[in-house]
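Residues per chain are reported as follows:
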There are 4 protein chains.
Amino acid sequence: MLRFNSDYTEGAHPEVLQHLIETNLCQTPGYGTDEFCMRAAGLIKDACDAPNAAVHFLVGGTQANFTVIAAALRPHQGVLSSDQGHIHVHETGAVEATGHKVLALPHTHGKITASQVAAAAKAQKEDDSFEHIVQPKMVYLSHPTEFGTLYSKEELCEMRKVCDEYGLYLFIDGARLGFGITAESSDVGLKDLAKLCDVFYIGGTKLGALFGEAVVILNDAIKEDFRYLIKQRGGMLAKGRLLGVQFEAMFTDGLYERIGRHGNAMAAIIRDAIVERGYEFMAPPVTNQLFPIFPCEVAERLSREFAFTDMGAVGEGYRAVRFCTSWATTEEAAKALAKAILES
Amino acid sequence: MLRFNSDYTEGAHPEVLQHLIETNLCQTPGYGTDEFCMRAAGLIKDACDAPNAAVHFLVGGTQANFTVIAAALRPHQGVLSSDQGHIHVHETGAVEATGHKVLALPHTHGKITASQVAAAAKAQKEDDSFEHIVQPKMVYLSHPTEFGTLYSKEELCEMRKVCDEYGLYLFIDGARLGFGITAESSDVGLKDLAKLCDVFYIGGTKLGALFGEAVVILNDAIKEDFRYLIKQRGGMLAKGRLLGVQFEAMFTDGLYERIGRHGNAMAAIIRDAIVERGYEFMAPPVTNQLFPIFPCEVAERLSREFAFTDMGAVGEGYRAVRFCTSWATTEEAAKALAKAILES
Amino acid sequence: MLRFNSDYTEGAHPEVLQHLIETNLCQTPGYGTDEFCMRAAGLIKDACDAPNAAVHFLVGGTQANFTVIAAALRPHQGVLSSDQGHIHVHETGAVEATGHKVLALPHTHGKITASQVAAAAKAQKEDDSFEHIVQPKMVYLSHPTEFGTLYSKEELCEMRKVCDEYGLYLFIDGARLGFGITAESSDVGLKDLAKLCDVFYIGGTKLGALFGEAVVILNDAIKEDFRYLIKQRGGMLAKGRLLGVQFEAMFTDGLYERIGRHGNAMAAIIRDAIVERGYEFMAPPVTNQLFPIFPCEVAERLSREFAFTDMGAVGEGYRAVRFCTSWATTEEAAKALAKAILES
Amino acid sequence: MLRFNSDYTEGAHPEVLQHLIETNLCQTPGYGTDEFCMRAAGLIKDACDAPNAAVHFLVGGTQANFTVIAAALRPHQGVLSSDQGHIHVHETGAVEATGHKVLALPHTHGKITASQVAAAAKAQKEDDSFEHIVQPKMVYLSHPTEFGTLYSKEELCEMRKVCDEYGLYLFIDGARLGFGITAESSDVGLKDLAKLCDVFYIGGTKLGALFGEAVVILNDAIKEDFRYLIKQRGGMLAKGRLLGVQFEAMFTDGLYERIGRHGNAMAAIIRDAIVERGYEFMAPPVTNQLFPIFPCEVAERLSREFAFTDMGAVGEGYRAVRFCTSWATTEEAAKALAKAILES
């Protein structure tokens, strides 16, 4: 059984693992105050061209999401999100558990638009009962989205403009960011994100780390006392240097981008087979997640040899599925799947 | 200016006020442990034919909603509601502030169906990632709904059946219940609610009290330690007997139902004029809230003499509005509005 | 049985009730946006000599406490309080339910000192693990305290100084404030509080209202969006004008101070008897709450004719009790109790 | 500089690291549903002689604490803890952020007694205002405590008895459990804990893992839906098998106990020197944490060569400090410190 059901089925990329092994016996202070974390933060600030950013390392994505949101919002404020946003549908109400409402907007291929956000913010402000309605204060995007799609630089600039107009924070969940910034069709890099966002994070878990997300805070209002929030919400690792060690490896010799490009390249092999065979997609195939729509019997047959995620029925006799590639996907495996699709 | 914009523009019904005046100098213990509260609870249990119910008096509806929800749910559980439900759109995220997600379902005239609830509960249970998704544990209905519509006994029985099948609590927000149980078209009374719900409340604020909602708990699992929750969430009135005094008045000599019938009768006068004049409604006009759709110029003209709520544009050149009647609406006022509509 | 067990055993002071009766049929908008609330806020701002204060009316004290705290603090911040503070011991964890820790300091007669606060703030700042410790951000005092004692102007000025030094908000719970500002031994008035606090509230429930507390916010940082918080936490009364009506009555013709003085005068009658008979007090008797220490058999004998609160054993053979007077305590009742004490 | 300031200054024990390396390329499903986690849970259930226990792996101790507490308590319930308990003083209010109050009891050498717990539970139940007071529902102990001390089996049996009498859960934080169960003076093993507790956890982070705590739930009431809570509170690791892999290593060939014994043995070398030199301790020295009291100049001199934690002044001219040993402490390092102490 070859696994294409997620980008976290293996351990760490060998270069990351190697750095963990080499540094295992170093003695450091705990909780992320060590020199590995400091160096990794420096590498990330350089990559983002954001010397004033605050960089914090957290263990996982859900944790990063709710910690950022808890740090940024007052109790009566909520976060605008696609109705397929990870925080809205796949985190067991973690954001609500911090007391904040997720204000869902209908998505298109996982994305929401600046004009949707503007309309929502405007509607609340103009309602006579505005104080009875949760105040939108943050926009949450994922990039790539839950459907593997990407925002263009122009779309993000428009979003920034709307955020400025309505006093909203722009927060980007980059759990799969490495696949986004290295996608052929993308014009958005780390430096753009650092210019356009108030806060975003660079996903490690899905890009070859054992675990770890690097939160990059640009807006001073969110920086203040952020480490208290990390500790309170359970995200402060005792042996915090493990996060620094891993991100140091990922931001050395372009490893982070190499991993992203590899995943995208493996996905492209599969994508090309899907296109050639004439199947359609639920969403444009631009990063390491592909959402083809197969006749049910094809999906069934492929599932005997390959592990992937079922996305549900699409019309009569068809099902959408998700294939995911990663640093660990071999060309051999990708070609085996491509071949099976072509022959389906 | 005659006000039809809500059912709480005046103080208390004279019989309620009279009882408050008469009892003003009585000395009682605080916090709802007095004999007025005990007697009022008894009257309500009788009216519901529910001798084992626990009856608690809270000050307001938002408070009643989040206190019940906080008492009933564990942290990972959420409450299914119409996407127009009061808890979803008009309580500034009060439910989320207790840590729980409101799981919104698309409404029809303010209502949701048993099959929508069943589909949502089933989808979560069958999802491979079910532990990553908020667990539906309660259904929240308002009766009458935010659009003045009502559930039939048959609809509530189906809802109960689905709730039993999926282990869900059924909770009914009866902020305007008096107008519901006395509506001509309704076959649902207090005794039916006490049989079908796990918990519901009987609204006082909109039915002639200065304030006050009587929460009726049928399910033992929700009864336990409920008063702790009332205190913690700010709903425990020091001079708690004020709630008992008012509900005692409302459940004496059929006052509660008299008030409901009066409001509905006054609304019927206005409704008949709207129908006669040939205007349509956003939702069937069956209780004290009416949602006619007027040509913009008619809405504008009426607003010079009458206060009411604008519900927004409906197609080109039309606006929906809301008229609300109450115990305090005089026949004179209702007829004046009816006349103005007929002549519009 | 004559009741001295609390200051909320009766309904409203006749002048307050009269104003409620007179205004019962007025039509007003809801939620505290009416002219009664506006006028009452104006009267309070005048009395405080604080034209820029924001004045909000809430139903009860617990509600006022947690709403202010939720509005003022970020998630990792806590509130310093006496270990006998109402928020620490008698609100069922309402503050913790908003997510904030109460940081308890040992009390003396219900009070804490500026130097205790300074030491706590300093210790946290200087601890190497400061990010692992809740950050003190607010000082909560009650005035009068739970033991009926009062802060002097000098003590409050020192507290203010420490708050400024450590960036702490000063919040005063004035549930019984009327008895404090009219106490013979007090040099602290409303204008002093408005100068020294960031926020405080003027209690109505225990001073002759049916219910109601007027929150006075001086610090702009706490003012912002405060009404959203009131709504979210269940404190926004639909018929909000009831609060305005009552506070208008209480701040007309000096009623609020008259009530305070009356309660104190009735307490003084009882206090003098206790002193004359030679009993001691748990805390200096300066307002409407008295905490004498009686031989057990005296306490037992008095309890047959008078209702009061038992405060527990004090050494061998003695018990402390609490007597409470109010606007409704008659001279006759106070003298009856005094007589019984003298003859005990 | 030799570090004795904590038991998490290095990475993983070589046998743990080796197992991570060997399994790095295995493909497994995520979120702890893999076979490593299943096997590790089996090994732990065997070691605890608790076949019906539910075993869950979380990343860190703060996370384990608040997830267990959030899973077990209703909103009005609190957790009794020593006033030096980790949840009370060193987790930035993480428990309060879940909405629950920590009810602090004065400690003796980090411990609280069954009779203290009984008194607190009894006082709340018997108070007339019991509904205004947080309801104690859980007892939180750490074993070893924050001062390195241990409960005896007899003490835990008494605590269990009191918990049964008052309907309290018994929860033991075993962040350093390995040092406790292998201490010479201890008669409490894993099987005892599994018999006496409702829930406890076996610390990995401080016993040679990179990270990880194994929560062992014995009481069915706490087992239900626990994984939802883990996900919601940020404790569900995507590559969850990393936890299983590490605990599999630690529970193979007695590694967990070997590590505990080693840490204790290294501490004993230092302890003996302290005793021989005639210094006193803040708390009995029985596990891997030692709290000697040194003359200030001795503490100062030692700090030039050794890293350790200052615990503050103890009387005139003396300071308490903390030394911590771990799997990584060499005999050489321990002897160097012992020598320095003897020569001080």
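Note that the structure is predicted; figures quoted are calculated from it, not measured.

Reading guide: rules and limits
- Residues numbered from 1 in each chain as written.
- Chains lettered and ligands numbered in written order.
- Predicted model: local features only at pLDDT ≥ 70, side-chain atom pairs only at ≥ 80, totals over all residues.
- Heavy atoms only, no water.
- Contact = heavy atoms within 4.5 Å.
- Buried area = accessible area lost by both parts, 1.4 Å probe.
- Salt bridge = Lys/Arg side-chain N within 4 Å of Asp/Glu carboxyl O.
- Least-squares fit on C-alpha atoms with pLDDT ≥ 70 in both.
- Phe/Tyr/Trp six-rings, centres within 6.5 Å; stacked < 30°, edge-to-face > 60°.
- Helix = DSSP H or I, 4+ residues; strand = E, 2+ residues; numbered from the N terminus.
- Buried < 20%, exposed > 50% of the residue type's maximum accessible area, 1.4 Å probe, protein only.
- Lys NZ or Arg CZ within 6 Å of the ring centre and 35° of its normal.
- Pairing = 2+ DSSP bridges.
- Axes fitted to C-alpha atoms, helices over the stretch in contact; angles between N-to-C directions.

K.L.:
Give me the interface of chain D and chain C: which residues, what numbers.
P.N.:
In this complex, chain D contributes 19 residues to the contact, which on the side of chain C involves 19 residues. Among the residues chain D hides against chain C, the three largest losses belong to Thr 92, Glu 96 and Lys 101 of chain D. Together they make up 40% of the total. At the junction of chain D with chain C, the criterion picks out two salt bridges. Between Lys 101 of chain D and Glu 96 of chain C there is a salt bridge, and its shortest N-O distance comes to 2.5 Å.

K.L.:
Which residues make up the relation of the copies chain B and chain C, and what values go with them?
P.N.:
Copy one and copy two of the chain differ by a rotation about an axis and a translation along that axis. Relative to chain C, chain B is turned by 180 degrees and slid 0.0 Å along the rotation axis, the superposed coordinates differing by an RMSD of 0.0 Å. Here the transformation between the copies is reduced to the relation of a two-fold axis. Mapped onto chain C, 98% of the interface residues of chain B again fall at the interface, so both copies present the same surface.

K.L.:
Describe in detail the relation of the copies chain D and chain C, supporting the description with residues and values.
P.N.:
For the pair chain D and chain C, the superposition axis carries a translation of 0.0 Å, the fit reaches an RMSD of 0.0 Å, and the rotation angle comes to 180 degrees. When the interface residues of chain D are mapped onto chain C, 100% of them again lie at the interface, so the same face is used by both copies.

K.L.:
Could you give an account of the packing of aromatic side chains, with specific residues and numbers?
P.N.:
Inspection of every chain in the model, using the stated rule, returns 52 aromatic pairs over all chains. Geometrically, the ring pair formed by Phe 147 of chain A and Phe 291 of chain A is tilted, given 5.4 Å between the ring centres and 55 degrees between the ring planes. Within this pair, whereas Phe 147 of chain A is found in the loop between strand 5 (135-142) and helix 7 (153-166), its partner Phe 291 of chain A is found in the loop between strand 10 (289-290) and strand 11 (292-295), the two being separated by 144 residues in sequence. Residue Phe 147 of chain A is classed as buried on the basis of its relative accessible area of 7%. A network of ring pairs unites the aromatic residues Phe 4, Tyr 279, Phe 294, Phe 306, Phe 308 and Phe 323 of chain A as a single cluster. Taking NZ or CZ as reference, Lys 111 of chain B lies 5.2 Å from the ring centre of Tyr 151 of chain B, over its face. The ring centre of Tyr 169 of chain C lies 5.3 Å from the NZ or CZ of Lys 137 of chain C, which sits over that ring.

K.L.:
Tell me about the sheet that holds strand 4 (residues 102-105) of chain B, and name the residues and values.
P.N.:
Residues and elements named next belong to chain B. The strand order across the open sheet built from seven strands is 2-8-7-6-5-3-4, with neighbouring strands paired in mixed fashion. With one partner strand each, in any of the chains shown, strand 2 (54-58) and strand 4 form the two edges of the open sheet. Taken over all neighbouring pairs, the strand axes of this sheet differ in orientation by 25 degrees on average, direction set aside. In this sheet, strand 8 (residues 213-217) lies alongside strand 7 (residues 199-203) in antiparallel orientation, the contact comprising five bridges. Along strand 8, the bridge assignment pairs Tyr 201 with Val 215. Where helix 7 (residues 153-166) meets the sheet, its contacts fall on strand 5 (135-142) and strand 6 (169-173), and the angle it forms with strand 6 comes to roughly 145 degrees.

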